[in-house]
Amino acid sequence: MSALRCQVSCDSAARAVGADALAAALQALGIAPRRTSSRGLFWLEPLLEVETPEGLMGFGPLAADELPGVLAALRDGTPHPKALGAVEALPFLARQQRLSFARAGRSEPLSLTDYEAQGGWVGLRAAQAMAPADIVAAVLASGLRGRGGAAFAAGVKWRTVLDAPGDGEKFLVCNADEGDSGSYADRMLMEGDPYQLIEGMAIAAHALGAREGFIYLRSEYPDAVAVLREAIRRAPLDGLRLEVRVGAGSYVCGEETALLESIEGRPGWVRAKPPIPALSGLWGRPTLVHNVLSFAALPHILALGAESYRQLGVGRSSGTLPFQLAGNVKQGGLVEVPFGLSLRELVFGFGGGSASGRPVKAIQVGGPLGAYVPEAQWDLPLDIDAYAAAGLVLGHGGVVVHDDRADMAQLAQYAMQFCAVESCGKCTPCRIGSTRGVELIERIRAGDRQPLPLLRELCNTMAQASLCAMGSMTPLPVLSALEHYPQDFGL
């Protein structure tokens, strides 16, 4: 059995449920497992994958004390209750179309050999053979939109930075401050495939003439910080200077201008616009700000070609989006597919419905400030514009499932409380509005109907007058809960 070749994920989510203990148990038996990135099958972690003539066979979720039974079954050729069969044939994986996570579960995070053998640097080499204006044109033609809340056209940002007046310094900033509840794609990619992010930033640097870039992420991601710093040390950066900056966990620093303030050493307060960061960002210089998944899409756009990338998805939502299933869901994990499938297909086809086995009541899409989507809207295509037309947001692709026991009035109050705690405090609608919102919902939940019109008016003020999405989006979960689940408010 010492010749057994196997792998166990080193992803922090897998480690949190016992992957290190499983790896240690293998080591104690003289078997050195390969520690790979995660496939995103989190309901099956800790997952053991064993190399066989038929491919990688999975066993999971597997506790360390179950390992002797698995090894005996492998030795004797007998069935085991935790056997999953060929991992890549599991419907959850086989139905996906992965680009950003094509190497997930297949490579060691810091192995340059693995990265290059599995398609790494192809996009960068293609970009290096192109003129900067042609790279920007390719990004525009691809239809790539930011993989955060605003979904702004990436190529327009690039063109603005490229054409910014003057010939001074330009900067790149990766907004890796992933703070949405139920979201973990950025963390997975930074921990598991850091060179992909670095390659995307190198492509942007070559196109825009930037020589320095920053990756800003939160202190709650220590594994990602360590992996990124080591990857930057090892990567062939060809003169590009990249630096990891760690924030203290302020949610509002996920807003691009508050993030820039933090990098410059000041409190994370939102800046008024204009000027926009593409013209006056870090230290007043033109700055390209993208999140992790936006930068990670660039190697594929340059390697596949803009038109091939654009053909994925629907309408103006090009490419793929890694959706992250969380909450009360049976098969929680990462699902990367082209835009266009429905929320029903995602939650029930991939996620298997609720973990409790009870009916699903509400699905929050787009983070803690995203709307609660009722069943009547579960068949809408997961498309940026279709969701916007319905007053919804896809955001970063976080999907949190609630069963029929959820108290939507309590969740609406939580949204206001979250805003009150996380507000930077710069603008009155967000700072004071969220505090008053908590008070109004408390009164309504206690049976007082009088504050209802005032709550709606308050939400409208926050949406229209807040400086950034922190305040302007907080009304989404509140109003959606009020509209679709009035019974939970006693109405």
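To keep things clear, this report deals only with the structure shown in the data block.

Rules and cut-offs
- Along each chain, residues carry numbers from 1 onward, in the same order as the chain's sequence is written.
- Per-residue local features of the predicted model are confined to residues with pLDDT of at least 70, and side-chain atom pairs are confined, for both listing and counting, to 80 or more; whole-chain, interface and lining totals are unaffected and use all residues.
- The basis for every side-chain value is the complete set of heavy atoms in the structure, and neither hydrogens nor water enter the calculation.
- Residue burial is assigned from relative accessible area. The probe radius is 1.4 Å, only protein chains are included, and a residue is buried under 20% of its type maximum, exposed over 50%, and partly exposed in between.
- For the purposes of this entry, the term helix denotes a DSSP run of H or I that reaches at least four residues, the term strand denotes a run of E that reaches at least two, and both are numbered from the N terminus.
- In short, DSSP must find at least two bridges between two strands for them to pair.
- Here is the rule: rings of Phe, Tyr and Trp (six-membered ring for Trp) pair when centre to centre is within 6.5 Å. Planes less than 30 degrees apart are stacked, more than 60 are edge-to-face, and the remainder are tilted.
- Between two residues, a contact is recorded if the distance between any of their heavy atoms is within 4.5 Å.
- Comment: axis = line fitted to C-alpha atoms, over the contacting stretch for helices; angle = value between 0 and 180 degrees taken between N-to-C directions.
- For the purposes of these results, a polar contact is taken to be a pair of N or O atoms within 3.5 Å, where, inside protein, one atom must be able to donate a hydrogen and its partner to accept one; residues adjacent in sequence count only when each atom of the pair is a side-chain atom.
- In what follows, salt bridge is the name for a side-chain nitrogen of Lys or Arg lying within 4 Å of a carboxyl oxygen of Asp or Glu.

### Focus on the pairing of strand E14 (residues 360–365)
No. 1: In terms of residue burial, E14 counts as a mostly covered element, since 6 of its 6 residues are buried.
No. 2: With 5 bridges connecting them, E14 and strand E16 (residues 398–403) associate as antiparallel partners. Pairing of Ile 363 across the sheet is with Val 401, part of E16.
No. 3: Where E14 meets strand E15 (residues 372–373), 2 bridges bridge the pair, whose relative direction is antiparallel. Residue Ile 363 lies in a different strand from E15, and its bridge partner there is Val 373.
No. 4: Turn length for the E14-E15 hairpin, with the two strands adjacent in sequence and antiparallel, is 6 residues, and the turn residue Gly 366 shows positive phi of about 100 degrees.

### So, the packing of aromatic side chains
No. 1: Taken as a whole, this structure holds 12 aromatic pairs when the rule is applied.
No. 2: Here the aromatic rings of Tyr 414 and Phe 418 are separated by 6.1 Å at their centres, their planes lie at 45 degrees, and the arrangement is tilted. Here Tyr 414 and its partner Phe 418 are both found in helix H17 (residues 408–422), 4 residues apart, which amounts to about one turn of the helix.
No. 3: Overall, the relative accessible area of 44% leaves Tyr 414 in the partly exposed class.
No. 4: For Phe 418, a relative accessible area of 13% puts it in the buried group.
No. 5: One aromatic cluster in this structure is built from Trp 43, Phe 92 and Phe 350.

### Side note on the pairing of strand E12 (residues 320–327)
No. 1: In terms of burial, E12 is a largely internal element, 7 of the 8 residues being buried.
No. 2: As paired elements, E12 and strand E13 (residues 333–338) share 6 bridges and run antiparallel to each other. If you follow Phe 323 over to E13, its bridge partner there is Val 335.
No. 3: The loop that links E12 with its antiparallel partner E13 comprises 5 residues.
No. 4: Pairing geometry for E12 and E16, over 4 bridges, is parallel. Residue pairing across strands places Leu 325 opposite Val 399, the latter belonging to E16.

### Describing the environment of Lys 330
No. 1: Mapped onto the fold, Lys 330 is located in the loop between E12 and E13.
No. 2: Using a relative accessible area of 51% as the deciding quantity, one classes Lys 330 as exposed.
No. 3: As a C-alpha pair, Lys 330 and Val 161 span 169 residues in sequence and 44 Å in three-dimensional space.
No. 4: In this structure Lys 330 touches Trp 43, Gly 351, Gly 352, Gly 353, Ser 354 and Ala 355, once residues within four positions along its chain are discounted.

### Remarks on the sheet that holds strand E1 (residues 6–9)
No. 1: The 5 strands are arranged E2-E1-E3-E4-E5 in an open sheet whose pairing can be described as mixed. What marks the edges here is a single partner per strand, and that holds for strand E2 (34–36) and strand E5 (83–86). Averaged over all pairs of adjacent strands, the angle between their axes in this sheet comes to 25 degrees, without regard to strand direction.
No. 2: With 3 bridges joining them, E1 and E2 adopt parallel strand pairing. The residue of E2 that forms the bridge with Ser 9 is Thr 36.

### Let's talk about the side chain of Thr 257
No. 1: Summarising the element assignment, Thr 257 is placed in helix H12 (residues 256–263).
No. 2: There is a polar contact of 2.9 Å between the side chain of Thr 257 and the backbone nitrogen of Arg 271.
No. 3: Here Thr 257 is in contact with Trp 269, Val 270, Arg 271, Lys 273 and Pro 277, once residues within four sequence places are set aside.

### Quick notes on H12
No. 1: Across the 8 residues that make up H12, a large majority, 7, are buried.
No. 2: Those residues of H12 that fall on the buried side of the exposure criterion are Glu 256, Thr 257, Ala 258, Leu 259, Leu 260, Glu 261 and Ile 263.
No. 3: Taken together, the buried residues of H12 touch helix H8 (154–162), strand E6 (171–175), strand E7 (212–218), strand E8 (241–247) and strand E9 (287–291).

### Here we look at the pattern of salt bridges
No. 1: Inspection of every chain in the model, using the stated rule, returns 39 salt bridges.
No. 2: A salt bridge links Glu 108 to Arg 34; the shortest N-O distance between them is 3.2 Å. One end of the pair, Glu 108, is in the loop between helix H4 (91–94) and helix H5 (112–117); the other, Arg 34, is in strand E2, and 74 residues separate them in sequence.
No. 3: Here Glu 108 falls in the partly exposed class, since its relative accessible area comes to 34%.
No. 4: Among the residues examined, Arg 34 registers a relative accessible area of 26% and is labelled partly exposed.
No. 5: As a salt-bridge pair, Glu 49 and Arg 39 come within 2.9 Å of each other at their nearest N and O atoms. Linking Glu 49 in strand E3 (residues 48–52) with Arg 39 in the loop between E2 and E3, this pair joins segments that are 10 residues apart in sequence.
No. 6: For Glu 49, a relative accessible area of 4% puts it in the buried group.
No. 7: Through salt bridges with shared partners, a single ionic network connects Arg 15, Asp 20, Arg 35 and Asp 223.

### Let's talk about the sheet that holds E7
No. 1: If you walk across this open sheet you meet the 4 strands as E8-E7-E6-E9, and the pairing is parallel. Of all the strands in the sheet, just E8 and E9 have a single pairing partner and so form its edges. When strand polarity is set aside, the average angle formed by the axes of neighbouring strands in this sheet is 20 degrees.
No. 2: Two elements, E7 and E8, share 7 bridges in a ladder whose sense is parallel. Its bridge partner lying in E8, Glu 212 is registered against Arg 241.
No. 3: In the packing of helix H10 (residues 194–208) onto the sheet, contacts are made with E6, E7, E8 and E9, and the angle to E6 comes to roughly 150 degrees.

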